[in-house]
Amino acid sequence: MDVYFSIITINKNNAFGLEQTLQSIIVQEKYLYELIIIDGKSEDNSLDIINKYQKYITYSISELDTGVYNAMNKGIKKAKGKYVIFMNSGDKFANPDILKTIKKMSFNSDFIFGATNYKKGKSCLKIELPQKISFSLFVSNGICHQSSFIKRYLFDEIGYYDENEKILSDWMFFITALGKYNKNYSIVRFPISEYDMNGISSFDPNISYKKEYFLKNEFGFFYDDYRKFSYFEKFSYYNLKTKLKWTLYNFKYKLNL
């Protein structure tokens with residue numbers, strides 16, 4: 001039987017988070033997935049965790065990489081499933097039946113997007129995508145790839161993640177696939193993943209400039225409109241609602257609620 005989902009887990013020196021991730025994976029229906037672990041030559045006890053769960057792992061390697069997208073591309077090249085999903089160390093599936101539920105819904109879309117539970121300490125924030133994805137979503141937000149099932153063939157057709165970028169390549173891939181190649185998608189309203197906010201260790205202050213540079217080169221016809229639209233998008237209903245949720249979430253976190 002062909003495997004339906006390829007779960008790719010990227011890890012480096014996060015043994016505790018890796019074990020949490022693996023525990024959320026191994027409770028899924030085993031016949032539905034293959035598990036690929038790409039470790040960046042960790043110096044903690046991550047390899048002990050990998051050995052502990054070896055019977056659940058289809059493929060694993062521990063070697064130096066040039067960044068997270070280099071590691072993700074390595075995983076994609078080993079993937080044989082119909083859909084790929086990235087569940088990196090510290091991130092978890094939202095419940096034990098996610099894969100079975102998605103499979104039963106019989107989607108054949110290029111992408112399947114779901115909601116995300118953002119977790120930090122005791123605080124948890126559920127963020128849903130709008131019912132219809134449009135250019136406006138990419139202006140000030142994006143799509144969480146831990147809550148995204150991606151058809152494997154897309155990487156061969158569109159290209160792999162740009163390894164020169166540190167945190168923007170998944171954004172670039174999604175907007176290219178949807179905006180240039182007109183790939184289709186389905187959206188589910190329930191959470192697919194629980195995203196570990198404690199794992200965010202870097203933020204690129206030039207991300208807005210990099211978005212503009214990418215759009216100017218790849219979608220130059222719309223660039224001037226983007227510059228105008230980006231100002232008004234700050235005040236859109238979806239963006240204001242999302243920002244309010246994040247403000248309350250951060251407030252609760254600081255109060256340790």
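Right above here is the structure, for reference.
Residues numbered from 1 in each chain as written. Predicted model: local features only at pLDDT ≥ 70, side-chain atom pairs only at ≥ 80, totals over all residues. Heavy atoms only, no water.

Q: When you look at the overall build of the protein in this model, what are you seeing that I'm missing?
A: Along the protein, the regular secondary structure elements total ten helices and nine strands. Counting the 257 residues in the protein, one finds 50% classified as buried. Within the protein, counting contacts between residues at least 6 apart in sequence, those at least 24 apart form 80% of the total. Only carbon and sulfur atoms are counted for the fraction: they give 52% of the accessible area of the protein, which is about 13400 Å². (Helix = DSSP H or I, 4+ residues; strand = E, 2+ residues; numbered from the N terminus. Buried < 20%, exposed > 50% of the residue type's maximum accessible area, 1.4 Å probe, protein only. Contact = heavy atoms within 4.5 Å. Areas by Shrake-Rupley, 256 points an atom, 1.4 Å probe, with all protein chains shown as cover.)

Q: Hey, could you run me through the pairing of strand β9 (residues 185-196) in this one?
A: It is a general feature of regular strands that their side chains alternate between the two faces of the sheet. Taking burial as the measure, the twelve residues of β9 include nine buried ones, the bulk of the element. Pairing of strand β6 (residues 111-120) with β9, which is carried by eight bridges, proceeds in the parallel orientation. Residue Phe111 lies in a different strand from β9, and its bridge partner there is Tyr185. (Pairing = 2+ DSSP bridges.)

Q: Quick question: what am I supposed to make of the pattern of salt bridges here?
A: Should the charged atoms of two oppositely charged side chains come close, the side chains can pair. Counted by the stated rule, this structure contains nine salt bridges. A salt bridge links Glu19 to Lys52; the shortest N-O distance between them is 2.7 Å. One end of the pair, Glu19, is in helix α1 (residues 15-26); the other, Lys52, is in helix α2 (residues 46-52), with 33 residues separating them in the sequence. In this structure, Lys74 engages Glu63 in a salt bridge whose closest nitrogen and oxygen atoms are separated by 2.8 Å. Placement of Lys74 in helix α3 (residues 68-78) and of Glu63 in the loop between β3 (59-62) and α3 is noted, with a sequence separation of eleven residues between them. Salt bridges linked by common partners bring Glu29, Asp97 and Lys100 together as one network. (Salt bridge = Lys/Arg side-chain N within 4 Å of Asp/Glu carboxyl O.)

Q: What is the right way to look at the environment of Ser109 in this model?
A: Checked against the element boundaries, Ser109 lands in the loop between α4 (98-104) and β6. You can call Ser109 buried: its relative accessible area is 10%. Along the sequence, Ser109 and Lys183 sit 74 residues apart, while their C-alpha atoms lie 8.2 Å from each other. Those residues in contact with Ser109 that sit more than four places away from it in its chain are Tyr83, Lys151, Asn184, Tyr185 and Ser186.

Q: Which parts of the structure should I look at to understand the pairing of strand β4 (residues 83-86)?
A: What you see with β4 is no split at all: Tyr83 and Ile85 on one side and Val84 and Phe86 on the other are buried throughout. Pairing analysis gives four bridges linking strand β1 (residues 5-11) to β4, with the strands arranged parallel. By the bridge assignment, Ser6 is partnered in β4 with Val84. Across two bridges, the pairing between β4 and strand β8 (residues 148-151) is antiparallel. Considered in β8, the bridge of Val84 is made with Ile150.

Q: Even after reading the chapter, I still don't get the packing of aromatic side chains, so can you show me in this structure?
A: For any two aromatic rings, the description comes down to two numbers: the centre-to-centre distance and the angle of the planes. Applying the stated criterion across every chain, the model contains 20 aromatic pairs. Judged by centre distance (5.4 Å) and plane angle (65 degrees), the rings of Tyr118 and Tyr195 are edge-to-face. Here Tyr118, found in strand β6, pairs with Tyr195, found in strand β9; they are 77 residues apart in sequence, far enough to count as distant. Like Tyr195, Tyr118 is buried. The aromatic ring of Tyr160 is capped on one face by Lys77, whose charged end is 5.5 Å from the ring centroid. (Phe/Tyr/Trp six-rings, centres within 6.5 Å; stacked < 30°, edge-to-face > 60°. Lys NZ or Arg CZ within 6 Å of the ring centre and 35° of its normal.)

Q: Would you explain the side chain of Ser42 in this entry?
A: By the element assignment, Ser42 lies in the loop between β2 (33-39) and α2. Among the residues examined, Ser42 registers a relative accessible area of 10% and is labelled buried. Here the side chain of Ser42 touches Asn11 through a polar contact of 3.4 Å, side chain to side chain. Separated by 2.5 Å, the side chains of Ser42 and Asp39 make a polar contact. Filtering out sequence-adjacent residues up to four positions away, Ser42 remains in contact with Asn11, Lys12, Asn13 and Ser62. (Polar contact = N/O pair within 3.5 Å; in protein donor to acceptor, adjacent residues only side chain to side chain.)

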